[in-house]
Amino acid sequence: MRLRSTRYVKYWCAYRFVWIPNRGDILVGSIAEYTREVLRGVAEEIGCEVLALDVMPDHVHALLLCPPRLAPSYIANYLKGKSARLILKRFPELRARVGKLWSRSYFVATVGDVTADIVKQYIEEQWSKVEE
């Protein structure tokens, strides 16, 4: 794991996002390829690094490393909003089939190289290390 930096912050803020289109298995063929391309570009536009990205026929998985100034809700909404505009512009026939491209819901989870239990133990043991 290589930490990322801004002027004042060292960070490793990785998030896993999953979301679905409004209607069934529409992310196939050239639509899926273009969706992958668009999502990479949109993520990079806001300063997120794409660690993994997969577009399945009925959902999208994205693993992103993002600056800590960006809230996960902002990232998800920006990715979904901007990508929907670009995808529907490129494939206008989709609008007739699905209306809005993405469902309003999404899943997000933090991803790291240590578990919550390890961090909790580290915090709880700090005073014992000072006393030694």
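As shown above, the structure is provided for reference.
What you are looking at is a predicted structure, and each value in this text was computed from that prediction instead of being measured.

Novice: Looking at this model, I keep getting lost on helix α1 (residues 29-45). Mind explaining?
Specialist: Since there are 3.6 residues in each turn of an α-helix, residues three or four apart along the chain are aligned in direction. For α1, built from 17 residues, the straight-helix expectation of 24 Å at 1.5 Å per residue is met to within 8% by its first-to-last C-alpha distance of 25 Å. Of all the residues in α1, the buried ones are Ile31, Ala32, Tyr34, Thr35, Val38, Leu39, Val42 and Ala43. All buried residues of α1 project into a common sector of 160 degrees when viewed along the axis, lining one side. Exposed residues lying more than 90 degrees from the buried face of α1 are Glu33, Glu37 and Glu44. Buried residues along α1 sit in contact with β3 (14-19), β4 (49-55), β5 (60-65), α2 (72-90) and α3 (93-98). Positive backbone phi, at 90 degrees, marks glycine 47, one or two positions downstream of α1.

Novice: Looking at this structure, how should I read the pattern of salt bridges?
Specialist: Between side chains of opposite charge, a pair can form as their charged atoms come close. Scanning all chains against the criterion turns up three salt bridges. Ionic pairing is found between glutamate 45 and lysine 82, a salt bridge with its closest N-O pair at 2.8 Å. In this pair, glutamate 45 is assigned in helix α1 and lysine 82 in helix α2, connecting sequence segments 37 residues apart. On the accessibility criterion, lysine 82 (22% relative accessible area) is partly exposed. Of the charged contacts, one joins lysine 120 and glutamate 124 as a salt bridge, the two residues approaching to 2.9 Å between their closest N and O atoms. Here the residue lysine 120 and the residue glutamate 124 both occupy positions in helix α4 (residues 116-124), the gap between them amounting to four residues, near one helical turn. The exposure class assigned to lysine 120 is partly exposed, which follows from its relative accessible area of 48%. Owing to a relative accessible area of 53%, glutamate 124 belongs among the exposed residues under this scheme.

Novice: Please explain the packing of aromatic side chains as it appears in this structure.
Specialist: Aromatic ring pairs are described here by two measures, namely the spacing of the ring centres and the angle between the planes. Scanning all chains against the criterion turns up four aromatic pairs. A ring pair is formed by tryptophan 19 and tryptophan 102, whose centres lie 5.8 Å apart and whose planes are at 90 degrees; its orientation type is edge-to-face. Within this pair, whereas tryptophan 19 is found in strand β3, its partner tryptophan 102 is found in the loop between α3 and β6 (107-111), the two being separated by 83 residues in sequence. As far as burial versus exposure is concerned, tryptophan 19 and tryptophan 102 are alike and both buried. Seen from the ring of tyrosine 34, arginine 90 lies directly overhead, with NZ or CZ sitting 4.4 Å from the centre.

Novice: I keep staring at α2 and nothing clicks. Help me out?
Specialist: The terminal C-alpha atoms of α2 lie 27 Å apart, and with 19 residues this matches the ideal 27 Å at 1.5 Å per residue to within 8%. Those residues of α2 that sit buried are Ile75, Ala76, Leu79, Lys80, Ser83, Ala84, Ile87 and Leu88. Of the surrounding secondary structure, the elements contacted by the buried residues of α2 are β3, α1, β5 and α3.

Cut-offs and rules
Residues numbered from 1 in each chain as written. Predicted model: local features only at pLDDT ≥ 70, side-chain atom pairs only at ≥ 80, totals over all residues. Heavy atoms only, no water. Helix = DSSP H or I, 4+ residues; strand = E, 2+ residues; numbered from the N terminus. Expected span 1.5 Å × (residues − 1). Buried < 20%, exposed > 50% of the residue type's maximum accessible area, 1.4 Å probe, protein only. Arc of directions from axis to C-beta. Contact = heavy atoms within 4.5 Å. Salt bridge = Lys/Arg side-chain N within 4 Å of Asp/Glu carboxyl O. Phe/Tyr/Trp six-rings, centres within 6.5 Å; stacked < 30°, edge-to-face > 60°. Lys NZ or Arg CZ within 6 Å of the ring centre and 35° of its normal.

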